[in-house]
Every structure is written in structure tokens, then in C-alpha cells.
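Inside the fold
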Amino acid sequence: MARLRVGRRKYYDLFSHFYDAFIRLHAGQDEDDTRHFLVDAAHLEEESVHRILDLCCGTGSVVLAFAKRCPDALLVGCDFSHGMLRKAQEKTAATQAVFVEGDAAYLPFADGSFNVVTCSHALYELKGQAREQALREMRRVTHSHGVVLIMEHEIPSHPVMKLFFRMRLLFLGCREGREFIEGGLQPLKKIFSRVILNHSWSGRSRLMVCKE
Ligand SMILES: C[S@@+](CC[C@H](N)C(=O)[O-])C[C@H]1O[C@@H](n2cnc3c(N)ncnc32)[C@H](O)[C@@H]1O
């Protein structure tokens with residue numbers, strides 16, 4: 001298990017060098033729209049103090065989108081890849097965001113630390129048990145009145161993109177990942193008592209709004 005995690009971290013360290021270019025190529029303008037859609041769903045206008053965690057933050061695009069909308073928020077990005085965290089720090093250098101190295105299944109934060117916790121396009125890549133543990137951790141570190149926002153890919157409808165998507169899942173060894181993406185809300189309903197499903201404007205992503 002430990003060896004598997006080390007291998008995955010190395011994969012993401014390498015991927016960090018061309019991750020943003022890959023996303024631009026794949027999603028174009030839809031990327032910004034998808035980030036805004038996620039930030040909108042946090043309903044920041046409803047609270048005066050914001051403590052926001054973006055889990056599996058990658059190169060920091062979600063953190064940056066929150067920082068632009070809410071510069072005074074306490075913004076934390078967490079990821080287990082040094083490479084991704086380095087890119088995220090560079091990208092958000094002009095903001096107050098902080099980044100923490102950590103494994104999604106063992107978060108280094110106290111119970112109820114945040115009122116918004118997000119995780120974008122990452123959970124499907126975690127193995128079944130690690131994913132469930134990560135979901136439990138997300139719930140644990142979220143305040144009882146807070147919200148957890150989970151964004152995942154829709155399965156592409158274009159046959160070529162669909163093939164690439166499935167090949168990537170295969171490459172990551174994620175049979176359960178495919179089941180998670182196709183399996184609806186059941187894995188989330190096991191952890192959260194309220195789960196609402198939304199679809200992004202572009203139709204590329206779906207957003208699950210989860211509350212205690
Ligand atoms: C596909 S990227 C998504 C990045 C970002 N959330 C986004 O929307 O662009 C998946 C991210 O999850 C991170 N990750 C994967 N497994 C993890 C784990 N067990 N703990 C922490 N981070 C993890 C990877 O390092 C990578 O940055």
C-alpha cells in the first residue's frame with residue numbers, strides 16, 4: 001500500500017509540469033466556467049467568516065478562484081504531491097492562500113476546522129477504501145453548519161474522449177474509480193445525510209453538495 005502511494009505521488013509530481021497545459025487543451029474556456037460554478041455553489045455571501053479547504057488541490061486553480069472571489073478568506077490547499085503544491089504556490093503567490101502537504105485519507109486538521117471543503121476531479125482516482133476514508137475525513141474537518149462540495153467528471157459523450165478517459169482510469173488501476181463515477185450518489189450517501197446533485201453549465205462535470 002505504502003509503495004503504491006509513493007508511486008502515485010511520483011506520477012503526480014511528473015504530471016504537475018504539464019497538468020495546466022493538459023487541462024487547457026482538454027477543457028479550454030470550460031475550465032474557468034467549471035471553477036466559477038464550484039465557487040458559486042459555496043454561497044460565500046451567506047457567511048461573514050470563511051475558512052475554506054480545497055483537498056487534492058493540484059496546481060491550485062480552485063484555491064485561486066476562491067481567492068479572487070474572497071481575498072480575506074482563510075484558504076488552505078492540501079495535496080500529497082510536492083510537484084503539484086509547488087505549482088500551486090507559484091500560481092497563488094499574490095494571495096494569502098497556504099498549502100499543506102497531506103494525504104486525503106489522514107487530514108492534518110482538527111474537527112470542524114472549515115466551513116467549506118471542496119475536492120475537485122480527484123476522488124475518483126482514489127482506491128475504494130482510501131476514498132471512503134477521505135470522505136469521512138472531509139466530513140470530520142467540516143463544521144456542522146458547513147458544506148462539502150465534490151466535483152467529478154461526467155463520462156465524456158464523444159467516443160474518442162470517452163476512450164481516453166477510460167484508458168486513464170485503466171492506467172491508474174481504478175476499476176473502483178469507474179464504478180464511483182458511474183455509481184451515482186450512493187458512496188456519498190453512506191457518509192453524508194444530505195446530498196444534492198448538480199451539473200456544470202458545460203456538461204463536463206457534476207457537483208455533489210453534501211451536508212452533515
Ligand atoms: C486530477 S488532479 C485534480 C487537481 C485539482 N483538484 C483540479 O481540479 O485541477 C488529482 C490531484 O489529487 C492529488 N491526490 C491524489 N491522491 C491523493 C491523496 N491520497 N491525498 C492527497 N492528494 C491526492 C494528486 O496529487 C493531484 O494533485
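A brief look at the structure comes next. Note that this is a predicted model, so its numbers are computed, not measured.

Let's talk about the overall build of the protein
Secondary structure assignment for the protein yields nine helices and seven strands. Against the compact-globule benchmark of 17 Å for 212 residues, the protein has a radius of gyration of 16 Å, which places it among compact chains. Projected onto its principal axes, the C-alpha coordinates of the protein cover approximately 45 × 40 × 35 Å. Counting every position in the protein, which comprises 212 residues, the buried fraction comes to 49%.

Re helix α3 (residues 30-41)
Because each turn of an α-helix spans 3.6 residues, side chains separated by three or four positions in sequence point in the same direction. When the terminal C-alpha atoms of α3 are compared, their 16 Å separation across twelve residues agrees well with the 16 Å that a helix rising 1.5 Å per residue should span. Here α3 has its buried residues at Glu 31, Thr 34, Arg 35, Phe 37, Leu 38, Val 39 and Ala 41. Once α3 ends, the next one or two residues include His 43, with phi positive near 45°.

A look at the sheet that holds strand β4 (residues 114-120)
Here seven strands make up an open sheet; going across it, the order is β3-β2-β1-β4-β5-β7-β6 and the pairing mixed. Only two strands of the sheet have a single partner each, and these edge strands are β3 (98-101) and β6 (194-199). Between one strand and the next, the sheet's axes are offset by a mean angle of 20°, whatever the strand orientation. In this structure, β6 lies alongside strand β7 (residues 205-211), joined through six bridges in antiparallel fashion.

Some thoughts on the site of the ligand
By nearness alone, 18 residues border the ligand, and Tyr 19, Cys 56, Asp 79, Ala 104 and Ser 120 come closest of all. At a separation of 2.8 Å, an oxygen atom of the ligand approaches a polar side-chain atom of Tyr 19. Burial of the ligand by the protein chains amounts to 97% of its free accessible area of 600 Å². Its residues assigned to classes, the shell around the ligand shows nine nonpolar, five polar and four charged.

Considerations on the pattern of salt bridges
Inspection of the entire model under this criterion finds nine salt bridges. Residues Arg 69 and Asp 40 are paired through a salt bridge, measuring 2.8 Å at the closest nitrogen-oxygen approach. Pair noted here: Arg 69 is in helix α4 (residues 61-69) and Asp 40 is in helix α3, with a separation of 29 residues, a long-range link. Notably, a salt bridge pairs Glu 132 with Lys 190, separated by 3.0 Å at the nearest N-O pair. On the criterion of sequence distance, the pair formed by Glu 132 in helix α6 (residues 128-141) and Lys 190 in the loop between α9 (186-189) and β6 is long-range, its members being 58 residues apart. Here Glu 132 falls in the partly exposed class, since its relative accessible area comes to 27%. Look at the salt bridges and you will find they share partners, linking Asp 111, Glu 137 and Arg 140 into a network.

Digging into the state of the cysteines
According to the stated counting rule, one finds zero disulfides in the structure shown. Just so you know, Cys 57 is unpaired, no disulfide at all, and the nearest cysteine sulfur is the one on Cys 78, 6.9 Å from it. The exposure class assigned to Cys 57 is buried, which follows from its relative accessible area of 6%. The cysteine Cys 119 is free of any disulfide, with Cys 56 supplying the nearest cysteine sulfur at 4.3 Å.

Brief notes about the packing of aromatic side chains
Across all of its chains, the model carries eight aromatic pairs by this definition. Between the aromatic rings of Phe 15 and Tyr 19, the centroid separation amounts to 5.2 Å while the plane-to-plane angle is 85°, which identifies the pairing as edge-to-face. Following the ring pairs from residue to residue traces out a cluster consisting of Tyr 11, Tyr 12, Phe 15, Phe 18, Tyr 19, Phe 22 and Phe 80.

Quick notes on the packing of α3 against α4
Where α3 meets α4, the axes come as close as 10 Å, and the angle between the chain directions of the two elements is 60°. Accordingly, the angle class assigned to the pair α3 and α4 is oblique. Between α3 and α4 lies a crossing whose hand is right-handed. Where α3 approaches α4, its residues Glu 31, Arg 35, His 36, Leu 38, Val 39 and Asp 40 are matched on the opposing element by Ser 61, Val 62, Ala 65, Phe 66 and Arg 69. The residue makeup of the contact of α3 with α4, split by class, is five nonpolar, two polar and four charged.

The rules behind the values
- Residues numbered from 1 in each chain as written.
- Predicted model: local features only at pLDDT ≥ 70, side-chain atom pairs only at ≥ 80, totals over all residues.
- Heavy atoms only, no water.
- Helix = DSSP H or I, 4+ residues; strand = E, 2+ residues; numbered from the N terminus.
- Rg over C-alpha atoms; globule rule 2.2 N^0.38 Å.
- Buried < 20%, exposed > 50% of the residue type's maximum accessible area, 1.4 Å probe, protein only.
- Expected span 1.5 Å × (residues − 1).
- Pairing = 2+ DSSP bridges.
- Axes fitted to C-alpha atoms, helices over the stretch in contact; angles between N-to-C directions.
- Near = heavy atom within 4 Å.
- Polar contact = N/O pair within 3.5 Å; in protein donor to acceptor, adjacent residues only side chain to side chain.
- Areas by Shrake-Rupley, 256 points an atom, 1.4 Å probe, with all protein chains shown as cover.
- Nonpolar A, V, L, I, M, F, W, Y, C, P; charged D, E, K, R; others polar.
- Salt bridge = Lys/Arg side-chain N within 4 Å of Asp/Glu carboxyl O.
- Disulfide = S-S within 2.5 Å.
- Phe/Tyr/Trp six-rings, centres within 6.5 Å; stacked < 30°, edge-to-face > 60°.
- Parallel < 35°, antiparallel > 145°, perpendicular 65-115°, else oblique.
- Left-handed = near helix turned anticlockwise from the far one by under 90°.
- Contact = heavy atoms within 4.5 Å.

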